[in-house]
Amino acid sequence: MLDEQIIRNVESHLKMYYFYDDEIAELERSLTMQVDNAQDVNSYIQSKNKISQKVANKAINNIIIKDKIEFYKKWKEIIKVVLEEYKETDKLKHDYMIYKFFRQYQIPKIEMLLYIKSTMQNTLRHTIIYRVALLAVQEKLIKL
């Protein structure tokens, strides 16, 4: 059984699914802006014969940004896989996933749209979260 922190973590990634494209684009834009604004780092290093703090900070920042982009892309891919899987195999889970996590509808609205009670919604919620968490563990995005 997953602990509450993992459940909240996976649920937050599910809710961010549609925003990840914007986040990734913004990070890639900031990465290219840094490269465009940078001076010729190699010649600067050679002339000083040492690595300056400014160059080191830029390099570290670029690594952090690239890691974050990769992290978001992995989460997006995992969620996409589960969404496509449910689209093929279980329409109710697919629709619930869209309404609950992507559109963030409340229980009564989902009840009216899908004709399922809150207890069934809770079961679906946990099933979807467990499925996504399992894939996230396989991709080493979650540590147990």
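What comes next concerns the included structure. (Residues numbered from 1 in each chain as written. Predicted model: local features only at pLDDT ≥ 70, side-chain atom pairs only at ≥ 80, totals over all residues. Heavy atoms only, no water.)

**Let's talk about the overall build of the protein**
Quick reminder of the rule: Secondary structure elements are taken from DSSP: a helix is a run of H or I of four residues or more, a strand is a run of E of two residues or more, and numbering for both begins at the N terminus. Any two residues having at least one pair of non-hydrogen atoms within 4.5 Å are treated as being in contact. All accessible-area figures derive from a Shrake-Rupley calculation using a 1.4 Å probe, and residue coverage is judged against the displayed protein chains alone.
Summing up its helical and strand segments, the protein has 7 helices and 0 strands in all. Reading the protein from its N terminus to its C terminus gives the helix and strand order α-α-α-α-α-α-α. At a minimum sequence separation of 6, the contacts of the protein that also span at least 24 residues come to 71%. When the accessible surface of the protein is split by element, carbon and sulfur atoms take 53% of a total near 9,700 Å².

**Looking at the packing of aromatic side chains**
Geometrically, a pair of aromatic rings is defined through the distance of the ring centres and the angle of the planes. Which entries qualify depends on this criterion: Side-chain rings of Phe, Tyr and Trp, where Trp is taken by its six-membered ring, are said to pair if the distance between their centres is within 6.5 Å; with planes under 30 degrees apart they count as stacked, over 60 as edge-to-face, and otherwise as tilted. Three exposure classes are used, based on accessible area relative to the maximum for each residue type with a 1.4 Å probe and protein chains only: buried under 20%, partly exposed in between, and exposed over 50%. Charge over a ring is defined by NZ of Lys or CZ of Arg lying within 6 Å of the ring centre and within 35 degrees of the ring normal.
In total, this model carries 8 aromatic pairs according to the counting rule given. Measuring from centroid to centroid gives 4.9 Å for Tyr17 and Phe102, while their planes differ by 20 degrees, and the two rings are stacked. Remark: Phe102 occurs in helix H5 (residues 91–102) and Tyr17 occurs in the loop between helix H1 (4–15) and helix H2 (20–37); sequence separation between them is 85 residues. A residue is classified by how much of its surface remains accessible, and Tyr17, at 7% relative accessible area, is buried. One cation-aromatic arrangement involves Lys76 over Tyr17; the distance from NZ or CZ to the ring centre is 3.9 Å. In this arrangement the basic side chain of Lys109 is found over the ring face of Tyr105, its NZ or CZ atom lying 4.4 Å from the centre.

**A closer look at the nonpolar core**
Our working rule: Put simply, buried Ala, Val, Leu, Ile, Met, Phe, Trp, Tyr and Cys residues joined by side-chain atoms within 4.5 Å make one nonpolar core.
Counting 37 residues, the largest nonpolar core has Val10, Leu14, Trp75, Met97 and Val132 as its most contacted members. Every element with two or more residues in this core is listed here: H1, H2, helix H4 (53–89), H5, helix H6 (107–114) and helix H7 (118–138). When residues of this core are assigned to their parent elements, the largest contribution, 9 residues, is made by H4. For Val10, the residues in contact, after removing those within four places along its chain, are Trp75, Ile129, Val132, Ala133 and Ile142.

**Here's the deal with unusual backbone geometry**
Phi at Gln104 is positive, roughly 55 degrees, even though this residue is not glycine. Residue position: Gln104 is located in the loop between H5 and H6. Positive phi, close to 60 degrees, is recorded for Tyr115, a residue that is not glycine. The exposure class of Tyr115 is exposed, given its relative accessible area of 74%.

**A look at the side chain of Lys100**
The condition that has to hold: When charges are counted, neither His nor the chain ends are considered; positive counts come from Lys and Arg and negative counts from Asp and Glu. The term salt bridge refers to a side-chain nitrogen of Lys or Arg lying within 4 Å of a carboxyl oxygen of Asp or Glu.
Within the secondary structure layout, Lys100 lies in helix H5. With no salt bridge to any partner, buried Lys100 finds its closest opposite charge in Glu11, at an N-O distance of 5.1 Å. What Lys100 contacts, discounting residues up to four positions off in sequence, is Glu11, Tyr105, Ile110 and Arg125.

**A few points about the packing of H1 against H5**
Condition: Angles run from 0 to 180 degrees between N-to-C directions of axes, and those axes are lines fitted to C-alpha atoms, restricted for helices to the stretch in contact. Just so you know how the angles are binned, under 35 degrees is roughly parallel, over 145 roughly antiparallel, 65 to 115 roughly perpendicular, and the rest oblique.
Contact pair H1 / H5: the axes reach a minimum separation of 8 Å and the direction vectors enclose 95 degrees. When the axes of H1 and H5 are compared, the pair comes out roughly perpendicular. For the pair H1 and H5, the contacting residues are Glu11, Leu14 and Lys15 in the first and Met97, Lys100, Phe101 and Phe102 in the second.

**Side note on the side chain of Lys76**
With respect to the helices, strands and loops of the structure, Lys76 is situated in helix H4. Beyond its immediate chain neighbours, meaning those up to four positions away, Lys76 contacts Tyr17, Tyr20 and Asp21.

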